Structure formats: C-alpha cells, structure tokens
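# A structural walkthrough
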Amino acid sequence: MADLLRRVAVNGDVDAFRALFRAYAPRVKSYMLRQGADSATAEELSQETLLTVWRKAGLYSGEKGSATTWIFTIARNLRIDRLRKEVAWQPLPEDGPEEASTDLAPDEELSERERGERVRSVMAELPPEQTEVVTLAFIEGLSHSEIAARLDLPLGTVKSRMRLAYQKIRDALEDLR
Amino acid sequence: MTIRHHPDFASLMCCAAGSQPDAFAAVIASHLSVCADCRAEVSRMQEIGVALFDALAPADVDAAAPVIAMRAGEAEMGSAVDESVTATAREAPAGDVPLPLVSVLGARLDDLPWRWSAPGIWTHPVPLSENAGGELLMIKVGPGKEMPAHGHDGQELTIILRGAYTDTIGRFGVGDVADLDSDTEHTPVACATEGCICLVARDGKLRFKGPVARLLQPLIGL
Ligand SMILES: [Zn+2]
C-alpha cells in the first residue's frame with residue numbers, strides 16, 4: 001500500500017490511485033456509516049477522503065506511519081469536520097509523530113509492519129468488554145460518558161477498560177519505540 | 001517548561017478516537033501542543049483505531065474512483081499548496097494562547113475580553129459549537145487568591161496557561177493538566193506572585209461548598 005501511495009505521490013499514477021481507492025474507499029464508507037452518517041453522506045465522505053489522499057500523497061512519508069494509519073487519520077479528521085461540525089482544535093496531525101522522523105532506520109518500514117501486526121494480535125486477544133469500549137470510542141465515535149450511558153456502566157469502569165486495553169498495546173510496542 | 005501532570009490515558013484515548021466532547025478536546029489539544037510525551041502516546045493510541053478500521057467489513061461503494069474530480073482539484077490547487085498551508089499553521093504566533101485555540105481566541109491572553117466575576121477572579125467563556133455539550137472557560141485568578149471550594153457533577157479538565165496553582169493534589173504549573181473526576185473536591189490557590197490563568201473544560205455543573213461560595217455561584221458564572 002505504501003508503494004501505491006508512493007506511485008501516486010511521485011508519478012501522479014492514476015492506476016495506483018484506482019487500486020488505493022478500491023482498497024480503502026469501502027472501509028472508509030463503512031467507518032462513516034458506523035459513525036452515524038447516512039449512506040449518501042458516507043459515500044461522499046469516502047470519496048472525499050480518497051481525494052485528499054490524492055492531493056496530499058506528496059506529504060505522506062512511509063517512515064512516519066503505515067499508509068492505513070495515514071488514510072485513517074485523514075478519514076477521522078474529515079469526519080469530525082463534517083459530521084460533528086465542531087471547532088478547529090480536534091484534528092490530529094496527518095503527518096504522524098515528529099519524533100519518529102529523527103532517526104530513520106533503513107528497516108523503518110519493516111518495523112512499521114511489525115507494529116501493525118503486534119497491535120492487531122493484542123487486539124485479537126483483548127477481553128470482549130475491552131474490545132467493546134474501544135470499538136464504541138474509535139469506530140462509533142462515542143465519548144466516555146456516552147459509552148457509559150449506552151452500556152449502563154459507571155464512567156469509571158469505562159475509563160478503566162479503556163486504560164487496560166491501551167496498556168496492553170503499549171507494553172507490546174515497548175521495544176519498538 | 002517542565003510538565004509534571006499529564007491527562008489520564010483514558011482522556012488521551014478519547015482524543016485519539018476523535019470522540020471527545022468539544023470542550024475537553026480543547027484542553028487536550030492545548031496540552032498536546034506543548035507535550036511531546038503525550039503526542040507520542042496519542043499516536044500509539046491511534047493504532048487501536050487503525051487496527052479496528054482495518055478489520056471493518058467493507059461497505060459497497062457505488063461510484064468509481066473520482067478521477068475527474070482528482071484532475072479538477074489538481075488544476076485548481078497546484079501541488080505545493082498543501083505544504084505551504086501546513087508550514088504556515090506550524091509557525092507559532094508571538095503569544096501565550098495555546099496554538100490550537102489561537103484561531104478562536106487570538107494569540108495573547110492579555111488581550112482577551114476578561115470579565116470581572118468576583119474579587120480577584122476574571123473569566124472569559126470560550127464559545128463552543130451549537131451541539132457541543134459542556135462548557136469551556138478561561139479563568140484568571142489574582143496572586144494568592146483562592147478559588148471557591150467546589151466539587152464536580154461530571155468531569156473537569158484544566159490546563160494551566162500562566163502562573164500556577166496549588167491544591168491538595170499538588171502544584172500545577174504551565175502546561176500541566178488536572179484531570180478530575182466527579183468525586184474530587186478541591187480548593188485551588190493561585191501562585192502568590194504570578195496568579196494563575198487556566199482553561200477549564202467541564203461537562204457537569206459545579207457544586208460549590210458553603211453558603212458564601214454558593215452565593216458566589218451565580219455571580220462568577222461558574
Ligand atoms: Zn503530557
């Protein structure tokens with residue numbers, strides 16, 4: 001995927017972009033639907049996310065995060081902008097953590113894949129109640145108090161489940177920092 | 001700036017997820033703009049979202065890749081535009097308002113239209129979007145002044161922007177965040193020389209203790 005992005009960035013390669021679109025637009029649409037968008041809006045936002053990918057491909061640098069991370073961040077920011085219509089301070093930087101760029105190892109991309117794999121394997125092992133709260137937060141866009149209300153749990157329980165889930169991810173990535 | 005108090009991981013996760021109520025997000029974004037440690041945590045937290053996103057069942061997409069729109073966008077924007085926009089956004093204005101809030105508040109704390117609320121206390125409510133729950137308030141407390149004792153019905157997130165305050169938890173200086181739950185009660189006292197300016201986000205109404213403080217409640221608009 002990073003390779004497709006590079007072809008888009010360097011050559012304006014339309015075929016590479018079509019492949020990216022096929023790979024990501026359906027999941028971005030699915031994400032927007034889960035966030036509460038109606039079908040037409042979700043479709044529009046998935047188009048717009050991928051258009052942003054096309055326009056900003058030159059700003060993507062593989063060493064700062066996987067292609068999926070980058071595209072998901074764009075989708076996240078777009079969704080806050082359009083679905084929540086809130087003010088300017090919610091977007092996260094789309095170019096990843098600046099710390100990562102200081103010491104670039106040649107095998108950076110490998111460790112990026114390694115990160116992704118470790119995160120996925122920790123996620124697969126999470127107890128269902130922890131998966132539930134992180135899914136409600138990250139995919140359905142609910143705040144902690146909304147999650148507490150939805151699941152009829154004390155706010156403190158929601159927060160501690162969130163923390164427990166993250167702590168496992170954090171431990172798993174410890175030596176990759 | 002030495003930061004001693006960081007937001008709870010749960011609050012940072014809510015930010016990473018993009019599901020944080022507007023008022024809280026303002027405080028977290030302000031902290032992130034000065035705290036590299038928490039920025040690193042948030043970027044790790046985003047991996048959770050990415051893994052969940054990766055596992056989503058794809059939805060049917062009706063349209064093909066928007067090649068025409070791509071070309072149009074290209075012609076209209078040129079390729080270097082985004083980079084220059086990013087560079088401008090990164091340039092710190094000369095001021096002490098946290099970077100993410102400058103577009104709403106201007107760059108300097110001293111230029112805010114502070115409203116006198118009580119002896120030694122000035123406030124400025126930060127406008128939120130229509131459907132945002134909770135409230136966001138700039139509070140300026142004079143040197144050595146005590147804030148009225150209060151408890152919270154909901155969560156309260158505070159970031160110190162100038163000076164410092166001390167309460168039972170400890171001393172909070174510039175960049176520090178107090179991440180308090182509903183069961184916390186505290187009486188912050190502002191730094192004796194500089195006083196304290198902080199940005200406070202909350203989702204519940206404050207409950208003041210004691211008759212005098214309760215009398216103050218409507219007055220100071222807290
Ligand atoms: Zn921090």
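### Concerning the interface of chain A and chain B
Between chain A and chain B, the contact holds 66 residues from the first and 69 residues from the second. The contact between chain A and chain B buries some 5900 Å² in all, and 63% of this surface belongs to carbon and sulfur atoms. Along the contact surface separating chain A from chain B lie five salt bridges. Put simply, Arg163(A) and Asp8(B) hold a salt bridge, and the shortest N to O gap is 2.6 Å. Here chain A and chain B share 16 residue pairs in polar contact (both at pLDDT 80 or more) between them. Among the secondary structure elements, those contributing two or more residues to the side of chain A that touches chain B are helix H2 (14–34), helix H3 (39–56), helix H4 (67–84), helix H5 (108–125), helix H6 (128–138), helix H7 (144–151) and helix H8 (155–173) of chain A. Per-element accounting of the side of chain A that touches chain B gives the leading share, 14 residues, to H2(A). For the side of chain A that touches chain B, the class distribution of residues is 31 nonpolar, 13 polar and 22 charged.

### Quick notes on the sheet that holds strand S6 (residues 165–167) of chain B
All names here are of chain B. Ordered by their spatial adjacency, three strands build an open sheet running S7-S6-S10, and the pairing between neighbours is antiparallel. Only two strands of the sheet have a single partner each, and these edge strands are strand S7 (170–172) and strand S10 (189–190). Sheet analysis places S6 next to S10, joined by two bridges and oriented antiparallel. Bridging from a neighbouring strand, Tyr 165 pairs with Ala 190 of S10.

### Comments concerning the coordination of the zinc ion
In ideal tetrahedral geometry, four donors around a metal make angles of 109.5 degrees, whereas ideal octahedral geometry with six donors gives angles of 90 or 180 degrees. Residue and element names in this part refer to chain B. Those donors, His 6 (ND1), His 31 (NE2), Cys 35 (SG) and Cys 38 (SG), are the protein atoms that reach the zinc ion, and they lie 2.0 to 2.3 Å from it. Taken together, the four donor atoms coordinating the zinc ion and their angles of 103 to 114° define a geometry best described as tetrahedral. Between the donor residues of the zinc ion, the gaps in sequence give the motif H-x24-H-x3-C-x2-C.

### Some remarks on the pairing of strand S5 (residues 156–163) of chain B
All names here are of chain B. Most of S5 is tucked away: seven of the eight residues are buried. Bridging between S5 and strand S8 (residues 177–180) involves four bridges; their strand directions are antiparallel. Within S8, the position partnered with Ile 159 by the bridge is Val 177. Sheet topology places S5 next to strand S11 (residues 196–202); seven bridges connect them, and they run antiparallel. By the bridge assignment for S11, Glu 156 is matched with Arg 202.

### Here we look at the domain arrangement of chain B
Residues and elements named next belong to chain B. By domain assignment, chain B separates into domain 1 (9–104) and domain 2 (106–220). If you look at the interface, domain 1 gives 19 residues, while domain 2 gives 24 residues. On inspection of domain 1 and its partner domain 2, the count reaches one salt bridge. Of the charged contacts in the structure, one is a salt bridge between Arg 162 and Asp 96, with a shortest N-O distance of 2.8 Å.

### Let's talk about H7(A)
Considered for burial, the residues of H7(A) that qualify are His144(A), Ile147(A) and Ala148(A). Projected down its long axis, H7(A) shows its buried positions confined to an angular sector of 100°, all on one face. Of the exposed residues in H7(A), the ones pointing more than 90 degrees away from its buried face are Ala149(A) and Arg150(A). Contacts made by the buried residues of H7(A) are with H6 and H8 of chain A together with helix H1 (9–17) of chain B. Positive phi appears at Asp152(A), one or two residues downstream of H7(A), with a value of about 55°.

### Digging into the packing of H6(A) against H7(A)
All names here are of chain A. Packing of H6 against H7 leaves a shortest axis separation of 10 Å and a crossing angle of 130°. Relative to H7, the element H6 lies oblique. As H6 packs across H7, the resulting crossing turns out to be right-handed. Along the contact surface, H6 presents Glu 132, Val 133, Leu 136 and Ala 137, while H7 presents Ile 147, Arg 150 and Leu 151.

### Remarks on the pattern of salt bridges
Counting across every chain of the model gives 17 salt bridges over all chains. With a shortest N-O distance of 2.5 Å, Arg27(A) and Asp54(B) are connected by a salt bridge. On the criterion of chain membership, the pair formed by Arg27(A) in helix H2 and Asp54(B) in helix H3 (residues 36–54) is interchain, its members lying in two chains. Take Arg27(A): its relative accessible area is 13%, and that puts it in the buried class. With relative accessibility at 25%, the residue Asp54(B) sits in the partly exposed group. Ionic contacts of the salt-bridge type, sharing partners, join the residues Arg27(A), Arg120(A) and Asp54(B) into one network.

### Thoughts on the packing of H6(A) against H1(B)
Between H6(A) and H1(B), the least distance of the axes is 8 Å, while the angle of their chain directions is 50°. Taken together, the axes of H6(A) and H1(B) are oblique relative to one another. Packed against H6(A), whose contacting residues are Val134(A), Ala137(A) and Phe138(A), the element H1(B) presents Met13(B), Ala16(B) and Ala17(B) at the interface. Tallied by class, the residues present in the contact of H6(A) with H1(B) amount to six nonpolar, no polar and no charged.

Conventions and cut-offs
- Within every chain, residues take consecutive numbers counted from 1 along the sequence as written.
- All chains are assigned letters beginning with A, and all ligands numbers beginning with 1, in the order in which they are written.
- Only residues with pLDDT of at least 70 get local features here, since the model is predicted, and only at 80 or more are side-chain atom pairs given and counted; chain-wide, interface and lining totals rely on the full set of residues.
- To obtain the side-chain values, all non-hydrogen atoms of the structure were used and water was disregarded.
- Contacts: residue pairs with any heavy atoms within 4.5 Å of one another.
- Accessible area that two parts lose when put together, evaluated with a 1.4 Å probe and summed over both, is termed the buried area.
- By convention in these notes, a salt bridge is any Lys or Arg side-chain nitrogen within 4 Å of a carboxyl oxygen on Asp or Glu.
- In protein, a polar contact requires one atom able to donate a hydrogen and another able to accept it; more generally it is a pair of N or O atoms within 3.5 Å, and residues adjacent in sequence count only if both atoms are side-chain atoms.
- Per the convention used, a helix needs a DSSP run of H or I reaching at least four residues, while a strand needs a run of E reaching at least two, with both numbered from the N terminus.
- Asp, Glu, Lys and Arg are counted as charged, while Ala, Val, Leu, Ile, Met, Phe, Trp, Tyr, Cys and Pro are counted as nonpolar; the rest, among them Gly, fall into the polar class.
- Two strands pair if DSSP finds at least two bridges between them.
- A donor here means an N, O or S atom no more than 2.8 Å from the metal, or no more than 3.2 Å when the metal is Na, K or Ca. Since water is not included, a site may seem to lack partners.
- Every angle between 85 and 135 degrees makes a four-donor site tetrahedral, while opposite donors more than 155 degrees apart, with all other angles between 65 and 115, make a four-donor site square planar and a six-donor site octahedral; other sites are irregular.
- Between buried and exposed lies partly exposed: a residue is buried under 20% and exposed over 50% of the maximum accessible area for its type, with that area taken using a 1.4 Å probe on protein chains only.
- Where each domain starts and ends comes from a domain assignment, either automatic or drawn from a database.
- Note that the arc is defined by the directions from the helix axis to the C-beta atoms.
- Each axis is a line fitted through C-alpha atoms, taken for helices only over the stretch in contact, and angles between the N-to-C directions span 0 to 180 degrees.
- Each angle is binned into one of four classes, with values under 35 degrees roughly parallel, values over 145 roughly antiparallel, values of 65 to 115 roughly perpendicular, and all other values oblique.
- Crossing handedness is defined as follows: a turn of the near helix away from the far one that is anticlockwise and smaller than a right angle gives a left-handed crossing, while the clockwise case is right-handed.

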